[in-house]
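This is what each chain is made of:
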Amino acid sequence: MIKKVYMVDVEANSRQNGIGTYLRTLIPILRWIGREVTLISLNSGVGAFTSGRRMGCVDYRFPTADYNACAEAYCESLSQNIVDSDDSAFWVNYTPCLTLVKELKRRFPKSRIISTVHDQGWTKSLLGKSELLRSILVDGRQPDIVSQRTFDFVRNYGAEERQLYEHCDAVVALSESAYATFVDIYGVDRSKVHMIHNCIDDVKSRRNVALCRKLRDKYGMGADEKMVLYAGRPVKVKGFEALLRAFAMLRSERSDVRLVVAGRLSDVARAEWLLRPMAPWTTCLGLIPHEEVKEWYGIADVGVLPSFTEQCSFSGLEMMANRLLVVASDGHCVRDMFVDGRNAV
């Protein structure tokens, strides 16, 4: 039985994405069932290796650097603080990390390696179309609609991912489609793949109607204004551009709707160009603390998840917890979470 879990986090990234939510949800559960959890925080912004506490755990903190290039030095520091044993596991949450995983296996041969796959290299390039991935990785064929550059990238990245899964003792898939991809396309042994959906505390996330009215006043939203909320990275692979086109069509039919975007604009110039025609009816919040995002979930009428690909979206879970009408795509893994007419449209 695993008693000690060393949770590997790239802190600079997890502050801004769903992996941070994943860790904040998972770590208390592991501690509640009696596991001793220690954080290993890569890219944490410190000047040199140090230790502290975070999320109620001992936290080994590393400076910002290429953690694969620094894997040997990092594992040397860890070996001076961690005793290798067969009741320990390193739980990795980022890719690409093959070099780091190999070094962990070498330094800690008794410990197990677990990898939760929150994203894969092919999903952005192929916009979540697993049939294209199968053509490239299984059939070795370049589809007509895939450029040579994309074909080479997906093939090479896929080979590295296969090696990563071979070096892991367990791979956690967050949805049914992800599980099928690991087994049927990457060829991972079924006994190694475990499907564990993301979860949130439904009671803590549920909206308070009285508070909802106060928050609408706080943010200057009219009582009769219908709010459509998008929470995530405003990029193409997340369906943001498709959402804007759909919202423009909706706005042409009714004048009481507003689009609220909670997420950092990575390509500001393109975003401004896309948003300009709808600027009077769009509110861009940028990257805001999760507690503020939860307030917006509480006052929205409709939540949208237009992604071409997800694994198991925390935004989608929070929309459901707040009893929003959810409009979702049929993208990779999104269709596992939402079914038309059952819990979404």
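Residues numbered from 1 in each chain as written. Predicted model: local features only at pLDDT ≥ 70, side-chain atom pairs only at ≥ 80, totals over all residues. Heavy atoms only, no water.

Visitor: Would you explain the overall build of the chain in this entry?
Guide: Assigned secondary structure in the chain consists of 15 helices and 13 strands. By the compact-globule yardstick of 20 Å for 345 residues, the chain fits well, its C-alpha radius of gyration being 21 Å. Here the chain holds 345 residues, and the buried ones make up 50% of them. For the chain, the computed accessible surface area is about 16,800 Å², with 52% contributed by carbon and sulfur atoms. One finds the centroid of the 46 positive side-chain charges in the chain at a distance of 2 Å from the centroid of its 42 negative side-chain charges. (Helix = DSSP H or I, 4+ residues; strand = E, 2+ residues; numbered from the N terminus. Rg over C-alpha atoms; globule rule 2.2 N^0.38 Å. Buried < 20%, exposed > 50% of the residue type's maximum accessible area, 1.4 Å probe, protein only. Areas by Shrake-Rupley, 256 points an atom, 1.4 Å probe, with all protein chains shown as cover. Lys, Arg positive; Asp, Glu negative; His and termini not counted. Charge placed at Lys NZ, Arg CZ, Asp CG, Glu CD.)

Visitor: Any chance you could explain the sheet that holds strand 3 (residues 50–54) here in plain terms?
Guide: Sheet strands line up and pair through hydrogen bonds in the backbone, either parallel or antiparallel. Reading across from one edge, 3-4-2-1-5-6-7-8 is the order of the eight strands in this open sheet, with mixed pairing throughout. The open sheet terminates on both sides in strands that have one partner only, identified here as strand 3 and strand 8 (193–195). Each strand of the sheet is rotated relative to its neighbour by a mean of 25°, with strand direction disregarded. Across five bridges, strand 3 lies against strand 4 (residues 57–61) in antiparallel orientation. For Gly52, the partnering residue across the bridge sits in strand 4 and is Asp59. The strands that helix 4 (residues 98–107) touches are strand 1 (4–10), strand 2 (36–42), strand 5 (88–92) and strand 6 (112–116); relative to strand 6, the one it contacts most, it runs at about 160°. (Pairing = 2+ DSSP bridges. Axes fitted to C-alpha atoms, helices over the stretch in contact; angles between N-to-C directions. Contact = heavy atoms within 4.5 Å.)

Visitor: Sorry, what's going on with the packing of aromatic side chains here?
Guide: The final tally for this structure, using the stated rule, is nine aromatic pairs. Taking 6.1 Å as the distance between ring centres and 35° as the angle between the ring planes, the aromatic pair formed by Phe49 and Tyr60 counts as tilted. Linking Phe49 in the loop between strand 2 and strand 3 with Tyr60 in strand 4, this pair joins segments that are 11 residues apart in sequence. By relative accessible area, which is 11% here, Tyr60 ends up buried. On the basis of an interplanar angle of 40° and a centroid distance of 4.8 Å, the ring pair of Phe49 and Phe62 is categorised as tilted. With a gap of 13 residues between them, Phe49 in the loop between strand 2 and strand 3 and Phe62 in the loop between strand 4 and helix 3 (71–79) connect regions that are remote in the sequence. By relative accessible area, which is 1% here, Phe62 ends up buried. (Phe/Tyr/Trp six-rings, centres within 6.5 Å; stacked < 30°, edge-to-face > 60°.)

Visitor: Any chance you could explain the nonpolar core here in plain terms?
Guide: In terms of nonpolar packing, the biggest core is built from 89 residues, with Met7, Ile40, Leu42, Trp91, Leu100 and Phe182 touching the most fellow members. For this core, the leading source of residues is helix 2 (residues 18–32), giving six residues. By size, the runner-up hydrophobic cluster in this structure holds 14 residues, among which are Val228, Phe247, Leu275 and Val304. (Core = buried A, V, L, I, M, F, W, Y, C linked by side-chain atoms within 4.5 Å.)

Visitor: Would you explain the sheet that holds strand 12 (residues 302–305) in this entry?
Guide: Spatially, the five strands line up as an open sheet ordered 11-10-9-12-13, and their pairing is parallel. At either margin of the open sheet sits one strand with a lone partner, and together these are strand 11 (282–286) and strand 13 (325–328). Between one strand axis and the next, the sheet turns through 20° on average, direction left out of account. Across four bridges, strand 10 (residues 257–262) lies against strand 11 in parallel orientation. Considered in strand 11, the bridge of Val260 is made with Thr283.

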